[in-house]
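The lines below spell out each chain.
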Amino acid sequence: MMQHSITALAGKPNSGKTSLFNALTGLNQKVGNFTGVTVDKASGKIELPNGQQIPLFDLPGTYSLFPKSEDEAVTAEILSHPSHPDYPNQVLVVADAMALRNSLLLCSQIMDTGIPCILVVNMTDLLEKSGKRIDFALLSQILGIPVFPISVQTGFGLPELKNFLSNPFPSGSTFGTEFNLPIDHPTNAIDGTPYQQFIQWIKFGQKGTAPEFDRSESAMIQDMLNRYARIDQILEEVVQKNAQKTTAKIQKADRWLTHPIGGYIIFLLALTLMFQAIFAWAEKPMEWIELLFAEAGNWMAQYLPEGHIRDLAQNGILSGIGGIIVFVPQIAFLYLFIAVLEESGYMARVVFLMDRIMCRFGLNGRSIIPLIGGMACAIPSIMSARGIPDKKERLITILVTPLMSCSARIPVYTLLISLVIPEQYFLGIINLRGLIMLGLYLLGFVMALIVALVLKSRLQKNETHPFILELPLYRIPSLKNIFLTVAHKCRAFVWEAGRIIMIISIALWFLVSFGPEEKRQGIINRYETEKSTAISEEKVLEIETQMQADLLEVSYAGYLGKGIEPLIRPLGFDWKIGIGLIASFAAREVFVGTMATIYASSDASEESVTLKEQMKKEVFQDDGTPVYTLATGIALILFYAFAMQCMSTLAITKRETGSWKWPLFMLVYLTVLAWMAAWFAQIILG
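Let me begin by describing the structure that accompanies this report. (Residues numbered from 1 in each chain as written. Predicted model: local features only at pLDDT ≥ 70, side-chain atom pairs only at ≥ 80, totals over all residues. Heavy atoms only, no water.)

**Describing the pairing of strand β5 (residues 90–96)**
In regular strands, side chains alternate between the two faces of the sheet.
Okay, step 1: Among the seven residues that make up β5, seven are buried, leaving the element largely enclosed by the rest of the structure.
Okay, step 2: Residues Gln90, Leu92, Val94 and Asp96 point to one face of β5 and Val91, Val93 and Ala95 to the other, with burial holding for every one of them.
Okay, step 3: Across five bridges, strand β1 (residues 7–11) lies against β5 in parallel orientation. Among the inter-strand pairings, Gly11 is bridged to a residue of β5, identified as Val94. (Buried < 20%, exposed > 50% of the residue type's maximum accessible area, 1.4 Å probe, protein only. Helix = DSSP H or I, 4+ residues; strand = E, 2+ residues; numbered from the N terminus. Pairing = 2+ DSSP bridges.)

Here's what the structure looks like:
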């Protein structure tokens with residue numbers, strides 16, 4: 001049997017392309033980057049009925065091979081360059097059965113590149129409900145390529161598609177649209193079909209002089225008009241229209257969900273439900289994980305020999321990793337809700353709804369996609385800003401996206417909110433802590449708009465781009481697709497955060513366990529003398545605990561914390577919190593693991609207790625007052641709500657803007673904003 005080469009998946013946004021990718025590859029997939037760019041490349045292997053595996057990768061969604069954004073440019077670049085490292089040997093073009101016209105435009109262009117392809121028409125279940133019918137056999141005959149009707153939601157057609165994939169695609173016919181490539185075009189040295197050269201000429205014209213741009217723009221428009229004219233003729237032959245009951249239902253739902261007032265209320269209620277779930281539904285799994293790590297710590301204390309190895313394993317690695325794993329249930333619920341909103345088609349309505357607000361603050365409706373995505377992670381969200389055509393709007397979006405509370409902040413928020421906010425319910429069901437969490441997300445969004453408004457007055461836009469959005473049909477989310485999305489996101493969170501935390505936990509253990517030997521030995525000698533005269537076990541334990549606290553103070557970590565204490569003491573923070581602030585500049589969630597390591601190292605008790613219990617006992621050494629009061633807790637929460645404590649975000653900002661100027665600006669303005677917010681909280685509540 002012939003060996004398959006690389007197969008690519010192409011399609012417009014909201015066509016179900018990623019859902020099909022998940023259905024074909026299952027858990028047998030990974031995420032990397034396309035060659036030479038930072039755009040995500042999801043790749044995997046399809047397990048065929050005959051046991052064979054073929055590689056598949058998911059191209060960024062695009063409406064055509066004439067790109068309007070950086071993500072679309074990646075797809076156009078790959079499919080128009082046979083010499084490109086990611087150039088596929090065959091393409092599955094995914095189409096939306098309910099919006100076949102737009103999908104056929106991309107399909108026709110890919111056909112003319114000469115790459116063997118097939119057309120996979122998704123959402124046929126929705127097509128049937130709408131009262132429409134497509135003659136897929138006739139469509140295949142007209143196009144000259146195989147056409148497969150499927151429904152990823154129900155699984156219809158997937159077995160037939162997999163059987164077909166057992167063999168390489170047949171060489172298909174071209175769409176045959178006429179286009180004129182000028183004799184003097186500058187791409188005559190590029191390999192590939194005439195249409196691939198034509199695409200490159202269009203690209204050159206858009207980057208070239210004004211006359212060249214006018215020529216290429218005109219040629220592009222004419223090419224697309226010619227294609228749509230023929231596509232309309234094809235659709236007249238293959239599409240039979242009957243009842244329009246689905247359209248009426250969609251219009252009725254959109255009347256409420258995109259209403260100028262009701263739409264925002266519904267969205268706010270959806271967010272309230274999401275954050276109530278994050279606290280209420282995840283509570284028990286978190287308790288189980290916490291108990292598991294506490295028991296693991298007790299086991300280490302009992303069976304590992306006393307010394308640096310046990311101390312590192314128990315107070316370094318285990319405490320640090322446990323401080324992150326415990327929050328996986330909440331991360332999972334966050335991604336679960338986001339996946340449901342996207343899969344159902346509601347997220348597109350939110351984008352449309354928010355454009356009314358965004359445009360007043362110097363942003364575009366497309367900016368809401370990075371901002372909402374920022375609730376999960378700022379890094380891919382900043383990268384998704386490539387879909388914003390205007391450079392100034394894109395820059396402003398990048399600069400304010402870190403103000404959205406990402407999933408890395410959830411461990412910090414959860415720890416501090418549960419530490420200083422009482423467990424109270426309104427009307428018996430509304431959790432006060434969940435409301436506080438929701439308030440922090442809304443605060444981040446409001447602050448993002450305020451900063452965007454300030455930047456709007458400083459950064460003048462060069463041009464205005466109209467906001468155009470295709471609203472997908474509503475659909476019942478696929479449980480399998482949601483499961484895969486949540487599983488991959490959680491695995492990535494644990495893996496990415498876990499690697500950083502492992503390194504930092506070991507480094508922190510060293511910093512808190514060692515220091516100037518002369519001072520450490522002096523403290524040990526003094527307390528050993530006191531222990532020798534102690535009259536009870538309780539007194540010995542009290543002396544041991546005080547000795548560990550004094551040793552921490554003269555450790556290398558203690559010197560770091562005390563070094564910045566004058567800057568943070570006005571905020572109500574002590575030097576131990578200072579250590580956490582320094583460590584979490586690598587990643588915000590590291591704060592929890594850092595505090596677990598610090599307090600574990602200063603507690604001589606043989607029995608492991610939860611981090612919250614340790615923090616509640618913490619007092620200032622000079623006056624004995626509690627460290628974690630309501631004022632300090634709120635101040636620390638606000639600091640983490642605004643502070644730029646994620647080196648990866650700074651790195652990706654530099655990558656996307658091409659300069660260190662904007663990452664440094666981001667670091668300075670967010671740090672100042674965080675300090676001021678925490679200071680005001682301490683003044684008002686302290």
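Having put the structure on the table, let's press on.
**Some remarks on the state of the cysteines**
Okay, step 1: Inspection of every chain in the model, using the stated rule, returns zero disulfides.
Okay, step 2: Cys117 takes part in no disulfide bond, and the closest cysteine sulfur, belonging to Cys107, lies 5.1 Å away. (Disulfide = S-S within 2.5 Å.)

**Remarks on the pairing of strand β6 (residues 117–122)**
Okay, step 1: Taken across its six residues, β6 has six buried, putting it largely inside the fold.
Okay, step 2: Across the two faces of β6 the burial is the same, with Cys117, Leu119 and Val121 and Ile118, Val120 and Asn122 all buried.
Okay, step 3: Bridge count between β5 and β6: six bridges; the pairing is parallel. When the sheet's bridge partners are listed, Ala95 is paired in β6 with Val121.
Okay, step 4: Once the chain exits β5 it traverses helix α3 (residues 100–112) before rejoining the sheet at β6, and the crossover so formed is right-handed. (Right-handed = clockwise from strand over helix to strand, strands pointing away.)

**A look at a nonpolar patch on the surface**
Okay, step 1: A cluster of nonpolar side chains, contributed by Leu630, Val668, Val672, Met676, Phe680, Ile683, Ile684 and Leu685, occupies part of the molecular surface with about 750 Å² of accessible area.
Okay, step 2: Tallying contributions element by element places helix α29 (residues 661–685) first for the nonpolar patch, with seven residues.
Okay, step 3: Note on placement: Val668 falls in helix α29.
Okay, step 4: By relative accessible area, which is 52% here, Val668 ends up exposed. (Patch = residues over 30% accessible without salt bridge, like charges linked within 9 Å, V, L, I, M, F, W, Y side chains within 5 Å. Areas by Shrake-Rupley, 256 points an atom, 1.4 Å probe, with all protein chains shown as cover. Salt bridge = Lys/Arg side-chain N within 4 Å of Asp/Glu carboxyl O.)

**Some points on the pattern of salt bridges**
Working definition: two side chains of opposite charge can pair if their charged atoms are close together.
Okay, step 1: In total, this model carries six salt bridges according to the counting rule given.
Okay, step 2: A salt bridge links Arg227 to Asp112; its shortest N-O distance comes to 2.8 Å. Of the two residues, Arg227 is situated in helix α8 (residues 210–238) and Asp112 in helix α3; the sequence distance between them amounts to 115 residues.
Okay, step 3: With relative accessibility at 0%, the residue Arg227 sits in the buried group.
Okay, step 4: Note that Glu565 is salt-bridged to Arg569, the shortest N-O span being 3.9 Å.
Okay, step 5: You can call Glu565 buried: its relative accessible area is 14%.
Okay, step 6: Salt bridges sharing partners connect three or more residues here, namely Asp112, Asp223 and Arg227.

**Describing the packing of aromatic side chains**
Okay, step 1: The tally for this structure, following the rule as stated, stands at eleven aromatic pairs.
Okay, step 2: Relative to Phe639, the ring of Phe573 lies with its centre 6.3 Å away and its plane at 85°, an arrangement referred to as edge-to-face. One end of the pair, Phe573, is in the loop between α23 (556–568) and α24 (575–583); the other, Phe639, is in helix α27 (residues 630–642), with 66 residues separating them in the sequence. Neither residue differs from the other here; Phe573 and Phe639 are each classed as buried. (Phe/Tyr/Trp six-rings, centres within 6.5 Å; stacked < 30°, edge-to-face > 60°.)

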